[in-house]
Structures are given as structure tokens and as C-alpha cells.
Amino acid sequence: MNNLPQHRSTRIRTFVYCVLGFHAVVALIAPFLPLMPTDKQDSGAMLQGFSSAHWLGTDALGRDVLSRALHGGRPSLVIAILATALSAVIGIALGSLAALAGGWVDEALSRLIDFLLALPTLILLLLIASFFGHDPFILIVTLGFMYAAPIARVARASTQVLLARDFVRVARLQGGRGVNILLGEVLPNVWRVVFTEIAMQFTWIILAFSSLSFLGLGASPPTPEWGLMIAEARSYMTINPTAVIAPIVMLASLVLAVQALVDRE
Amino acid sequence: MQNKIILRVFVTAMLCGSLMLAACGRATTVTGVLRVANDAGFGGAETMDPYDGNRTWPTINMVFDRLIGVDKDFSPIPELALSWTSNEDLNEWTLVLREGVVFHDGSEFNADDVVYSINRMIDPEFDSPVRAVLGVIESVEAVDNYTVKLSLSTGEADLPSLLADYRALMTPVDSQATIGKAPIGTGPFRMETFDPEGTTVLVANENYFFGKPELSKIEIITFADSQSAAQALAGDQVDLLLAIDGKSSSIFGDTSKFTLQTIPSGDWNAIDFRVDRKPFDDARVRKALRIAADRQVIADTVLGVGGGVAACDTPVWTADPYRWDGPCAKDTEGAKALLAEAGFPDGIDIDIYTSDVEVHMVELVEAYQQQVKDAGIRVTIKMADASGFWDDVWMKESAFVDSWGQRPAAQVLNEVYRSTAAWNPTGQVDKALDAMLDDARSTKDLAQRKQKYIAIQQHIFENSGIFLPYHKTLTRVMSSKVKGIDPIVIDAVRWERISVS
Amino acid sequence: MQCDGSESAFRDVGMKNLARRALFTIGAFVSLAVLSFLGIDALPGDGCTALLGRFGTEAKIAECRVEHHLNDPVVVRLGSWASDVVQGDLGYSIKRDEQVAQIVLPRIRNTAMLALVAALMAFPTAIVAGLLIGRFPRSRIGRAINTLGVVAMTLPEFVIATILWLVFSIWIPIFPGVTVVPSNATFVELLPHIWMPALTLAAVVFAHSMRTMKAGVTTIQAMPFVESARLRGTKERVTLLRHILPAALPPVVNTIAVDAAWLLTGTFVTEAIFNYRGLGRLTIDAISDRDTAVILPIVLFSLGAYLTMSLIADTVVRLLDPRLRQHRS
């Protein structure tokens, strides 16, 4: 984007913030909006197109697509935010600890990170979702651990770079303890680099969860969830396309906006 | 300038490349071959043994024949048996077999094969699902090469209809060990390759006793879910979908390409509650769960308006002479009262398992969940994976969706509701019902028999753990090239008369 | 190059590093394999419950477990499984009554073919596109390709697959929409059905390597050696191919390795949508059947694919990049 004229880049940035703001606001206030209940069925109005009663039409059970699309981000966002937070904590702790401690601790932790990276993410998710059911807590913990490895790698690398810098050396020479150095000097400075990686992991987690839902192993019906909505509406794509397009647009705009936000290359 | 040229050349090259790929990708169709889409409900454990629980349907009906078939009006017609008579008490039946019929391996079909086949169906050790239908047969003996005598434990007026069950197929003597993967039958098609997770290939049996099949080949292609099967028909990759969701039938509205058939049928969906688990062991809870829903609304929501006929938990369908059309309007207050009486004054929380293994099975639970909400019944929907649903979930969880094909009254009541039936999905043991079933089946007079079957259906409505809201009006769709499939249930389809132009 | 003594010394050190790296890969694989065995073993359900399904009474399951030695201590079973695997026997699926190798190998072949076609579609085009877009950042076509690639990268596969299916199987019916050939079909039979899933996968991974390439080219163009080549009057084409391309390639190799591993192991959704009979479909089936005998080799294959790909990438990067060879030594 650095090749674009300045004003254009700013305009895009503003647009990205607007999209993110829209998603945040909608996710928070959707239950208070004057929308139809997401599970209200209507056997007299199934798979209808645009109408004044249903702005985006209805799905195969006569439920309001607009209402479901606006509610549909809530399950993914809750799970993705919690899982990302968990993976950020684990990732930063592992990564910076490895860099700070050095020696055999670094070696062991690095190998652990390599292990985690080698795990086939989706297979593990499928296994866990299939064997332990749709418990959101288990899902969050699993996602949190699996997506911690890339964050740990970035945190370790940037901490190492930082440790070589003068002000950290000074803090060490002044007799600062590891934890203090970590919290006082390292974290505030690695945060920016690590944040980019965390935001990327956030989008992968959103995509992973919606893929799980699409495969029938994430959210359970009748929960409005974008991946699940797309899976349900696919059969009727040529009858009422909005039922599949609406969740696609919502999901894609959120993921694209987060990607654009962190994409500074 | 140069940069743009390079990029343009690059883009053009990519476009040309993809067009060339496209040229290789065109689907080809062959005449004389029927491609049938099938589901993968048993996840690789499918077998061609018609008496096994994992039998793969409708393939078995293309390879094997029954003694007695069904006509378009569901009356019994000769297949491998030419005629049948019974004694006065209806407990001894004599069948005369067709002569000169040969199996695919060239050996001749005779009474020994019938004795062998029926003995396997009723073997208590093997406990075939067919035993629930034909368990009434106590013994079978060959009178001569082409006559068999069946002795029943009780009178059964409708034995010919029961023998027309889609699994009561005739297999050659001593075939048990090999029949699962290398079946030998007398049917219109013989097995070439058996690959239940991929494509099963059948070729025409030139010596078929009803005449040489029109088709040279049938391919049964397995699809992971109903959506990809519909995709395949839309893309001319299969010719026949046995059942589609009526609501999506407008996708196949182009009559020059597709033939749509709507067939009133006895197929039904249900939600089963295991009576051996809490809280469904309480008859009041079961009844509350069943009367809290409006059946017609569920039928309309799930199947589309006109897609189904409401049923009062009776598996006996509208065209059956024994059908009971009892009153079963939605009764929210009654349901609440029953629940309060059973110790759930604040309503009840239940989990229901479902899966995309067949169309309608997920929507049914979603519609049910909505319907029973106001009676204080809070349903949590549990999704299970489609493949392996029948093995892993069905009859195992406490509450789950169910799906059955059309069967005559005497059969479906014995196969699904009798205490000892292998496929009694709720595990309900009801000796009173068993006695009523025995009494009804051995009653000679039709009017009296009908009264008794109606009483049975009323008894079921009071006690059963099966919530059965509707019988489906089937929507079958096929390529317009396919000819010879009448708008009747698939068990009555004569596969040898089908052609593809 | 070969006759230069100092160069070959660096090389030796490089090879020593690689040997260590390979040893680590093998060690990681073995320990992860053991962990997987123990982990999958700890999950509820086994081959017998999978086989007997709804007919599984306690007595029948117990009998089946005795027959298949499932009651032995876990260490004993791990040992016999490991020795079988070392001898090339992947085990036996009780549920499907078939050798696991016969079930898994054709699927691995199908997935590998799909991955190969997708890789051939995505990686060369991505490298060329990245090179050109990096070199000519103001081109409109280039920007359009870039945007399209990024959008495809961020969309879930089922969305891309749905769109592609709608466009190429329904509106302009040139590709078959779903796979209808058996898992053991020949390559020629399978080929027409590969395009759609391969296109989907290629769309997902295309932007990764394209953008890495583009970023590399952008950085390298600003470097003095490129500038001096230009000042020497070297032709544009030569600068691009001789100077910029080799320098920008190493980071792309890493991206490609990660994506290639994903193509081999992460294609569940795409395979499900197109009914493609590869490893992804089998994995979902095996997991829902609780068929642990089949799940295990799939997990091992995934681990192996990832570890091998990153080992290959490391090796290639070392061979490609003289700077890295020197710095690391």
C-alpha cells in the first residue's frame, strides 16, 4: 500500500476502521436492535426474496436472513477473541521466556514451539470437536494452544533482537530481574510486532471456527453463525441467493478488514 | 509500456491455460448406463448381505429378488413365487415357486435356497432386522423342488405383504460367508465392482426371468451429503436422486432437462426418545413431548407446503387400509400439565441428536424445537456427522431423529414397535402391545382386523416414545433421459424396465 | 564454484547443520508419532465399538476386544504397532474389515494428485505474478490481481468453492461440479474432477507466495547491486531474471513449503464440497466413525508432510542463498 498516493491510503484506512467499527457495534447491540428473533420460523414464508417484512428475505425455515446475518458474528467473535487472548498470553509467555532465559531453556521451548507448529490443526480440531462435542470451553482452549505457536515464534525473535539493544542491557546491568525486564522493557516494545501476528491469528481462528461450523462440528443449529448459515443455505442458493450471500459478505468483510489493518507492507 | 505488455502476456497465457483445462474437464454421458446417487450412511461398513443391518439399499434390490413383490397399488404380486395359499388359521402358508430361474453364477434357484434364506432371516443368533418382520415364521420346509411350506407361530393374514419386504430377498444356499462383498442373486443386475464408499457397478443380467434389462449398466455413486448429490445432478453427473428436499425442487424446474416426480408415500421421519433413559421412562413426559407440537406446521416448515401429510404418531400411512386418523391437535396446556405431574413444573431440558445424513433430518429438529418452546420444553440440538450416523448415534443416544421407508401396517408396527424387534429404536418393552399385535394379525375378518389395528395405533399414541409428525410426499428427480421409473415408491420400481436414452 | 576451497568449507558446515536439522526432524516425527498413538488411544471408543455400532452389547464388545487384543496394556500395543509400522504394516481397520494401507494409500494418492495440480496452478503463477507486480507496482492489472489474490486468501475455502461451483458448473458448465469416480480410479479418470477443487485450493494459497515474492522484489529493487546493474546498462529482462529473481526466491520457498504441507493435509472442506475422495474426506469419516486404526496413519502422514516440507524448504533455501550459507557458518 506504500505505493499508493497518501490520500488514497488514508481513505482505505478510514474505510477499514469503519468496517471494523460496524462489526464491533453490530455484535454488541444486535440483540437490542428491532430485528426479528433469529429462530422465528414461518412456514408460510420460506425462501423468499427481498420484502418489507424481511429485508434480505428468509431462509429454508422462513427465518429472517438479515437478523441472522447480524447476529451471526457473535459466536465466532466470542470464541475467536477468547481463543486469541489465550494464544497471545501463551505465545508471548513462551516466546519471550525462551529468549530471556536462553541456553537449554530456549532450546527446549523452541523445540516445543516447533512441535506445536507441526501439529495438523484441522485434524486436531475435528478430533476434539467430534470426541468432546461442541463444548465452547474445550474449543477455546484447543484453539488457544494451537494458535499460540506462531505468536511464540514471533515473540521470541523480536525479544532476541530487543535484548541486544542498549537500553535492555542497561536495565540488566542495573540488576533488574527477569520478570521486571520482561514487563517493563521487553513487552511494551515487542508488542507492536507481536500484535500484527496476533491479529493474523485472530482471522485464522475465525476462519477455522466457521469451517468447523460448515462441516457441522462448530456451532449447533439453530444458532445463527455465518459458517453454519452458509452450509444451510447452499442447497437453496439458486432460489434465494441472499441467504448465502449475506453471511459470506459479513464473514469476508470482517476478515478482510482485520487483514488490511495489520497489512502495512 | 513494456511492463504492461509483460503483464498482459502473462494474463493472456493464464486465460488460455484455463480454457485448455476446461476443454479436458467436460463431462461425458453414455447411454444405457444409469447413474444413481446414494448416501454414505454406514460409513464404509455397508454390505450386500440383505439380512445384515448394514445392508446397502437400493442396491440389494437390483441384485436379488423377493418371493413376492408389490404392485403399483401396493398389492402383493408374484416375483420368485408364483402363487401362495394359507390354511384356515392363517398359520400355515404354501408357496409355489417359479421354475427355471438361475442365479448369476448359473446354478438353479429352488426350494432349498428359499429354506436357506428364510432360516437366515429368522435366525435368533444372527438377529437380522428382517426378523422383526418375518419372525412370525417358525419353520420353513421344502415340500418338493418348487414348493415350500411356512409354519407360523401365530396367524398372519398379511404374510404376503410381509414377504414383499425389500430385504426379504432370496440368496443361494451357503452364501453367508461371501455374500457381503460378492453377492450372487437372481435379480436383473449382477455385481461387477462393490465399492460402497465410491462407485458400485452393476451389469445387466441377460437371463433375467422378467426379461433382459433395458440398461446395460447401473452405477451407484456415493455422496457424502445430500447437497453434493444435488450438485451432481445439476451438473449432469448422475441421472437419479431417489429423494430430494421438496423445497429445492425448483432448482430442477427445467423440464427439458429434469423429470420431477411427487409421490405420496408412507416414508416418515420421527424423533425417538429412548424409554429406557430418564426422563423418557415416564409415559407422561413422552406424551407431553409428543402433544406439544403442531404436526401440520412442522410438516409445512420441514417439507414445504404440500410436502407432507400430518400423522398422529402412527407409522401407518394414508393409503393403507389400516390407517388411523386420530385427533392430535397441538395441546400446549395439556403438555405443561403432564410435565408438571411428572415432576417438571418449570419445564424440561432435553438434547436431541441429528445429522445431515438425509434431507429434512436437521430441519425437523429445528422446527420441533420452535414448536415445543411454549410448553416449556427446551431443546438443545446436537449435531452428529453424517457418515456413520446410523452406527454411532441412532438407537444409542437418548433422543435422536429417525427416518423410515414406507411399509405396510402389519410390517411397520411389528418392525418398529414390537418389544423384541432388532430395530425397535426406543427400546420400549410393551407386552400389552405385543399381544395386541398378535391378536390383530391372526384375525381373519378384514373389518375386525382393521378395528384391532386402529386400537393398536391409539395405544401407541398414548404410550410410545416415537414422535412421528408426518408422512412425506416424496420428491424424486431424475434426468429427463431416464425413462421407465413410475411415480411409485422405490421398492416397487422394476429396475429392468428402466432405460436411459 | 566447486574448486573454490573456502566455498566448500562453508558448504560442509552448511551440510552439518542440515544433518542436525534432519536428525531433529526424524526425532520429532518419532516422538510425535508416539504421542499421537497415546493421544488417540486415550480417546473414548475403539475399533470394536466402531464396528459393532448399534448392535454392540457389552458382551459382544468384550468378545471383540479379546479377539483383536485391545485389552493388552497400552505399552504392549504401542510396541506391536510400532514394530508393524516399521515392517510396513499400517494395521487393520476392524470397522471396515480391511487393511489400513488399502484404505489410506489410494486416498493419499488422490490427495497428493490434487495437491500437485493445485501447486502447479498456484506456485509458478504466484512467483511470476509477484515478480511482475513487485517490479511494476503501478500497473492496474497487477493491482487487480493483487487485490483478487488477497480477497481469495482471506475468504474461507467453502466460500470460494461455492462461488467457483456456481460459475463454472452451473452458469458456464465447463467443469464437473462434484467427483463421481471411485477412490481407486486411474489418473486419467480422475483428472476432469480435479480442476474445480484444485482451482479452489490454488486460489487460497496463491496470494501467500505472490505477496512474499512481491515484498521481496520491492525490497531488493532498492538495493545498490540492482541499481548498479541498471547503471551498467544491463537489459531490464536480464536484471529481473538474473539479479532480482534469485535474491527474492528464498523467502518464497519457505512460504511455498508451508502451503504445500497444507495442501497435503488441510483440504477437508474443499474435498467435502466437491465430494473428492481424498484424505480429507476419509479423515472426517474416520473421525466420526471413531475408527482409530485409520485416524492414526492419517495423523502420521500429516506430521510427516509438514516436517518433510520444512526440511526440504530449509535445504533449498540454504542451497539458493549464498549469504545464508555464510552467515550461519
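For clarity, every value in this text was computed on a predicted model and none was experimentally measured. (Residues numbered from 1 in each chain as written. Chains lettered and ligands numbered in written order. Predicted model: local features only at pLDDT ≥ 70, side-chain atom pairs only at ≥ 80, totals over all residues. Heavy atoms only, no water.)

Trainee: Explanation requested: the nonpolar core in the structure shown.
Mentor: Burial of nonpolar side chains together is a common tendency in soluble globular proteins. Counting residues in hydrophobic clusters, the biggest one holds 136 residues, and the most contacted among them are L126, L143 and I206 of chain A together with V104, F158, I194 and L263 of chain C. The element that contributes the greatest number of residues to this core is helix α5 (residues 100-135) of chain C, accounting for 15 residues. Non-local contacts of L263 of chain C, meaning those with residues more than four positions away in its chain, are made with T111, A115, A118, A119, F123, L201 and V205 of chain C. Counting residues in each nonpolar core, the second largest holds 135 residues, with L34, V140, F273 and F280 of chain B among its members. (Core = buried A, V, L, I, M, F, W, Y, C linked by side-chain atoms within 4.5 Å. Buried < 20%, exposed > 50% of the residue type's maximum accessible area, 1.4 Å probe, protein only. Helix = DSSP H or I, 4+ residues; strand = E, 2+ residues; numbered from the N terminus. Contact = heavy atoms within 4.5 Å.)

Trainee: Whenever I open this one, the state of the cysteines confuses me. Can you help?
Mentor: Each disulfide is one covalent bond, formed between the sulfur atoms of two cysteines. Residue and element names in this part refer to chain B. In this structure the tally under the stated criterion is one disulfide over all chains. Residue C312 pairs covalently with C328 via a disulfide, S to S 2.0 Å. Judged by the sign of its S-S torsion, about -70°, the bond between C312 and C328 is left-handed. With C312 in the loop between β13 (308-310) and α9 (332-341) and C328 in the loop between β13 and α9, the pair connects residues that are 16 residues apart, well separated along the chain. Both residues of the pair, C312 and C328, count as buried. (Disulfide = S-S within 2.5 Å.)

Trainee: How do you make sense of the domain arrangement of chain B when you look at a structure like this?
Mentor: Much of the literature gives interface size as the accessible area that the parts lose upon coming together. Residue and element names in this part refer to chain B. Under the domain assignment, chain B is made up of domain 1 (10-62 + 183-264 + 475-500), domain 2 (68-163) and domain 3 (266-473). Put simply, the middle of domain 1 and the middle of domain 3, counted by C-alpha atoms, are 31 Å apart. Domain 1 puts 22 residues into the contact, and the matching count from domain 3 is 19 residues. Between domain 1 and domain 3, the buried area comes to about 1400 Å², and carbon and sulfur atoms account for 53% of it. Across the contact surface, domain 1 and domain 3 share zero salt bridges. The biggest single contributor to the side of domain 1 that touches domain 3 is strand β12 (residues 258-273), with three residues. Within the side of domain 1 that touches domain 3, the residues separate by chemical class into eight nonpolar, eight polar and six charged. (Domains from an automatic or database assignment. Buried area = accessible area lost by both parts, 1.4 Å probe. Salt bridge = Lys/Arg side-chain N within 4 Å of Asp/Glu carboxyl O. Nonpolar A, V, L, I, M, F, W, Y, C, P; charged D, E, K, R; others polar.)

Trainee: Is there a simple way to explain the side chain of T38 of chain A in this structure?
Mentor: Residue and element names in this part refer to chain A. Tracing the sequence through the fold places T38 in the loop between α1 (6-29) and α2 (65-71). The buried category is assigned to T38, whose relative accessible area is 15%. Those residues in contact with T38 that lie beyond four places of it in its chain are R63, S67, R68, H71 and P224.

Trainee: Teacher, can you tell me more about the pattern of salt bridges here?
Mentor: What the rule picks out here adds up to 37 salt bridges over all chains. E341 of chain B serves as the salt-bridge partner of R284 of chain B, at 3.7 Å between the closest nitrogen and oxygen. In this pair, R284 of chain B is assigned in helix α7 (residues 283-291) and E341 of chain B in helix α9, connecting sequence segments 57 residues apart. Take R284 of chain B: its relative accessible area is 30%, and that puts it in the partly exposed class. Overall, E341 of chain B belongs to the exposed group, its relative accessible area being 52%. Bridged by salt links that share partners, the residues D59, R63, R68 and E232 of chain A together with E366 of chain B form one connected network.

Trainee: I would appreciate a short explanation of the confidence of the model for chain C in the present structure.
Mentor: Keep in mind that low pLDDT regions are not for reading the predicted coordinates in detail. Residues and elements named next belong to chain C. Scored by pLDDT, chain C has a mean of 79; 88% of the residues are at 70 or more. This stretch, residues 1-13, has a pLDDT under 50; its non-local contacts, to residues over four places away or in other chains, come to six contacts. In the model output, the complex is listed with pTM 0.77 alongside ipTM 0.75. (pLDDT = per-residue confidence, 0-100.)

Trainee: Would you explain helix α6 (residues 140-154) of chain C in this entry?
Mentor: In an α-helix, one turn spans 3.6 residues, which is why side chains three or four residues apart end up on the same side. All names here are of chain C. Relative to the 21 Å expected for 15 residues at 1.5 Å per residue, α6 spans 21 Å between its end C-alpha atoms, a close match to the ideal helical length. Among the residues of α6, those classed as buried are G142, I145, N146, G149, V150, A152, M153 and T154. At the N-terminal boundary of α6, the capping side chain belongs to S139, with an oxygen 3.3 Å from the backbone nitrogen of I141. (Expected span 1.5 Å × (residues − 1). Polar contact = N/O pair within 3.5 Å; in protein donor to acceptor, adjacent residues only side chain to side chain.)

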